[in-house]
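Below, each chain spelled out in residue letters.
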Amino acid sequence: MLTLDDPSLLRAQCLVAGEWISAERTIAVTNPATDALIAHVPRLDAAATRRAIEAAEAAWPQWRRRTAHERSAILARWHALILQNQEDLARIMTAEQGKPLAEARGEIAYAASFIQWFAEEAKRVYGETIPSPVASQRIVVVREPVGVCAAITPWNFPAAMITRKAGPALAAGCTMVVKPASQTPLTALALAVLAERAGVPAGVLSVLTGSAGDIGTELATNPVVRKLSFTGSTEVGRLLMQQTASTVKKVSMELGGNAPFIVFDDADLDAAVEGALVSKFRNAGQTCVCANRLYVHEGVHDVFAQKLAEALRALKVGPGDQEGVRIGPLIDEAAVRKVQEHLADAVAKGAQVLSGGRRHPLGGSFFEPTVLTGVTQAMTVAREETFGPLAPLFRFSDEAEVVRMANDTEFGLASYFYARDLGRVWRVAEQLEYGMVGVNTGLISNEVAPFGGVKQSGLGREGSRHGIEDYLVIKYINMAGIA
Ligand SMILES: NC(=O)C1=CN([C@@H]2O[C@H](COP(=O)(O)OP(=O)(O)OC[C@H]3O[C@@H](n4cnc5c(N)ncnc54)[C@H](OP(=O)(O)O)[C@@H]3O)[C@@H](O)[C@H]2O)C=CC1
Ligand SMILES: O=C(O)[C@H](O)CS(=O)(=O)O
């Protein structure tokens, strides 16, 4: 049973055009740890999406005319309310997504940090003047909000993926229609309750649950929407890029990853094990920046493998609301099947299970944190993102060889390596073809740094001073006739 200090935060309705609405057709939201029903949320369609878009268009002129300081103050209130309700938001998140409560609390703080960051960045949307080549002309450049925006977000970070988009959008003076993942809508709806309490005007922010195809297609093809930001699988990202092309929208894509995690023979092995735990097993391995391939130098491979297996045995698996749990359930049965497929393929091609390797005795979608050794590039796990608690170890002997293997993927989101030789650190960091490189750390996500990928991991950057650029357009004003 989900007990909240403020039960009104559990909102089984959608915020559309400034009104909380229900629907006859609904989607059941269940707890992945217990399969228990939490709530039914509306199954909205294209018509409701159009209403939200029309309201966003109608609200935009007033919202963009507010001063940056006024928008900043409202975002600052939203930030404060999120932190004041952190415990309730974390309980809702753990109930619908499964992550341990400690991780959920951390995500709420991480999500709030984007609102705080962009509350400040709102006041730094600077323009420029350019020396004119014509004496009677003056050249001014201003940066303006792009307009009505859409966001489609995944189930693995139900709060941070909302605020990492809504924060810069509202800060820039845009309005936004959000479609959260159907498996984890309640956190997004609770954030919308708090946005309304913070003073975000009606229509500026709408949150709709329902058919991904119906809502998504409307968001991707409606000409009023000028920008779409998506976080999720590369497959859906490609589809949305095709659909948004019809109306030439700006797009930001945070897509799939296949992160290498390299341990050189000069690494601090205890630090590398700690980094592998957080990079591989955060959110039970269900993050796009999780280490997906662990390359370990042959000179330290066996010691590292034993240390990692020993550390995994200390991780408690269980429902996220239980004290001390570090590994919660996977989001659903399909996620478990994908882990089992990667595991079976690797073992069939010669890999060995060093630790774990089975469904957890708790049943359901719980899976033992697993270490595989003897993994090679020929195995599926080297090419596809597992998105689960499976750590495949590959041996290597040569720096150039491991950089080649690490880059041998169509993805390019996050990468990690542990080494202490300064020359090697610079050489490898510069040669890795990824948007983000963690050196001697497994945790690189924060609100101040540009988060994003290259190759088929996506387009654009979120967070940092760069994150607001995707919600702005440049206007050039030429004032002539000046004597
Ligand atoms: N780069 C990054 O930051 C991240 C990447 N990912 C990647 O996403 C995958 C796992 O997340 P997952 O949520 O399953 O990804 P999906 O791409 O399946 O879903 C993400 C969102 O897209 C929606 N969606 C699904 N199909 C469509 C469609 N045809 N049109 C419009 N929207 C659609 C989903 O809605 P619904 O829930 O209703 O189906 C959900 O809201 C992994 O590959 C992971 O790497 C995930 C998180 C972050
Ligand atoms: O969706 C994700 O996987 C997140 O982007 C990962 S992070 O931002 O929490 O690192």
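None of the values given here were measured: they were computed from a predicted structure. (Residues numbered from 1 in each chain as written. Chains lettered and ligands numbered in written order. Predicted model: local features only at pLDDT ≥ 70, side-chain atom pairs only at ≥ 80, totals over all residues. Heavy atoms only, no water.)

S.K.: Please explain the nonpolar core as it appears in this structure.
M.R.: As a rule of thumb, nonpolar side chains are buried together in soluble globular proteins. In this structure, I262, V263, L294, F304 and L308 are the most contacted members of the largest nonpolar core, which totals 70 residues. The greatest single-element share of this core, amounting to 6 residues, is contributed by helix α9 (residues 269-281). Both domains that furnish three or more residues to this core are identified here as domain 1 (7-255 + 457-477) and domain 2 (259-439). Ignoring anything within four residues of it in the chain, the contact list for L294 reads F261, A276, F304, L308, A391, P392, L393 and F394. By size, the runner-up hydrophobic cluster in this structure holds 63 residues, among which are A59, A171, V193 and Y471. (Core = buried A, V, L, I, M, F, W, Y, C linked by side-chain atoms within 4.5 Å. Buried < 20%, exposed > 50% of the residue type's maximum accessible area, 1.4 Å probe, protein only. Helix = DSSP H or I, 4+ residues; strand = E, 2+ residues; numbered from the N terminus. Domains from an automatic or database assignment. Contact = heavy atoms within 4.5 Å.)

S.K.: What should I look at first to understand helix α13 (residues 422-431) in this one?
M.R.: Residues spaced three or four apart along an α-helix face the same direction, because each turn holds 3.6 residues. Among the residues of α13, those classed as buried are R424, V425 and V428. Along the axis of α13, the buried residues cluster in a sector spanning 100°; they form a single face. Opposite the buried face of α13, at more than 90 degrees from it, the exposed residues are L422, W426 and E430. Against α12 (399-407), β19 (414-418) and β20 (436-439) lie the buried residues of α13. The distance from a side-chain oxygen at the start of α13 to the backbone nitrogen of G423 is 3.1 Å, and the residue carrying that oxygen is D421. (Arc of directions from axis to C-beta. Polar contact = N/O pair within 3.5 Å; in protein donor to acceptor, adjacent residues only side chain to side chain.)

S.K.: Looking at this model, I keep getting lost on the site of ligand 1. Mind explaining?
M.R.: Around ligand 1, the surrounding shell holds 27 residues, and the nearest of these are T153, S182, S233, L255 and E385. T153 has a polar backbone atom sitting 2.6 Å from an oxygen atom of ligand 1. Contact distances for ligand 1 include 3.4 Å between an oxygen atom and a backbone N or O atom of G232. Against a free-state accessible area of 900 Å², the protein chains account for coverage of 83% of ligand 1. Looking at the shell around ligand 1, the elements that each hand over two or more residues are α7 (212-221), β10 (225-231) and α8 (234-245). Ranked by residue count, the leading element in the shell around ligand 1 is α8, at 3 residues. Residue composition of the shell around ligand 1, by class: 15 nonpolar, 8 polar and 4 charged. Split by domain, the residues of the shell around ligand 1 number at least three in each of domain 1 (7-255 + 457-477) and domain 2 (259-439). (Near = heavy atom within 4 Å. Areas by Shrake-Rupley, 256 points an atom, 1.4 Å probe, with all protein chains shown as cover. Nonpolar A, V, L, I, M, F, W, Y, C, P; charged D, E, K, R; others polar.)

S.K.: Can you help me understand the site of ligand 2 in this one?
M.R.: Around ligand 2, the neighbouring residues are Y110, N156, F157, M161, R164, R282, T287, C288, V289, S445 and F451. Lining the shell around ligand 2 are residues from two domains, each supplying at least three of them: domain 1 (7-255 + 457-477) and domain 2 (259-439).

S.K.: Could you clarify how one ought to interpret the sheet that holds strand β18 (residues 390-396) in this entry?
M.R.: Within a beta sheet, neighbouring strands are joined by backbone hydrogen bonds and run either parallel or antiparallel to one another. Judged by pairing direction, the sheet is mixed, and its 7 strands sit side by side in the order β16-β17-β18-β13-β12-β19-β20 without closing on themselves. Edge positions in the sheet fall to β16 (352-355) and β20, since each has one partner strand and no second. The mean angle between the axes of side-by-side strands here comes to 25°, regardless of whether they run parallel or antiparallel. Contacts from helix α11 (residues 333-348) reach β16, β17 (370-373) and β18, with the element oriented near 25° to β17. (Pairing = 2+ DSSP bridges. Axes fitted to C-alpha atoms, helices over the stretch in contact; angles between N-to-C directions.)

S.K.: Sorry, what's going on with the sheet that holds strand β22 (residues 472-479) here?
M.R.: What the 3 strands build is an open sheet, ordered β5-β6-β22; its pairing is antiparallel. The two strands at the open ends of the sheet, each matched to only one other strand, are β5 (128-130) and β22. For this sheet, the mean angle separating the axes of adjacent strands, direction not counted, is 25°. With 3 bridges joining them, β5 and strand β6 (residues 138-145) adopt antiparallel strand pairing. Bridge pairing links I130 to I139 in β6.

S.K.: How do you make sense of the packing of helix α3 (residues 86-97) against helix α6 (residues 186-198) when you look at a structure like this?
M.R.: Angle between the axes and distance between the axes: these two values describe a pair of packed helices. Taken N-terminus to C-terminus, the directions of α3 and α6 make an angle of 160°; their axes are 9 Å apart at the nearest point. Relative to α6, the element α3 lies roughly antiparallel. On α6, the residues touching L89, I92, M93 and E96 of α3 are L186, T187, A190, L191 and L194. Partitioned by chemical class, the residues of the contact of α3 with α6 number 7 nonpolar, 1 polar and 1 charged. (Parallel < 35°, antiparallel > 145°, perpendicular 65-115°, else oblique.)

S.K.: Please explain the side chain of S206 as it appears in this structure.
M.R.: Mapped onto the secondary structure, S206 falls in strand β9 (residues 205-207). With a relative accessible area of 0%, S206 lands in the buried category. Among residues more than four places away in sequence, those in contact with S206 are L15, V16, A17, A52, M176, V177 and V178.

S.K.: Just checking my understanding: could you explain the state of the cysteines for this structure?
M.R.: Where two cysteines share a covalent bond between their sulfur atoms, that bond is called a disulfide. According to the stated counting rule, one finds 0 disulfides in the structure shown. In this structure C14 is not part of a disulfide, and its nearest cysteine sulfur, from C149, lies 20 Å away. Under the relative-accessibility criterion, C14 is labelled buried at 0%. Free cysteine: C149, not disulfide-bonded; nearest cysteine sulfur from C174 at 3.9 Å. (Disulfide = S-S within 2.5 Å.)

These figures come from the coordinates and say nothing about function on their own.
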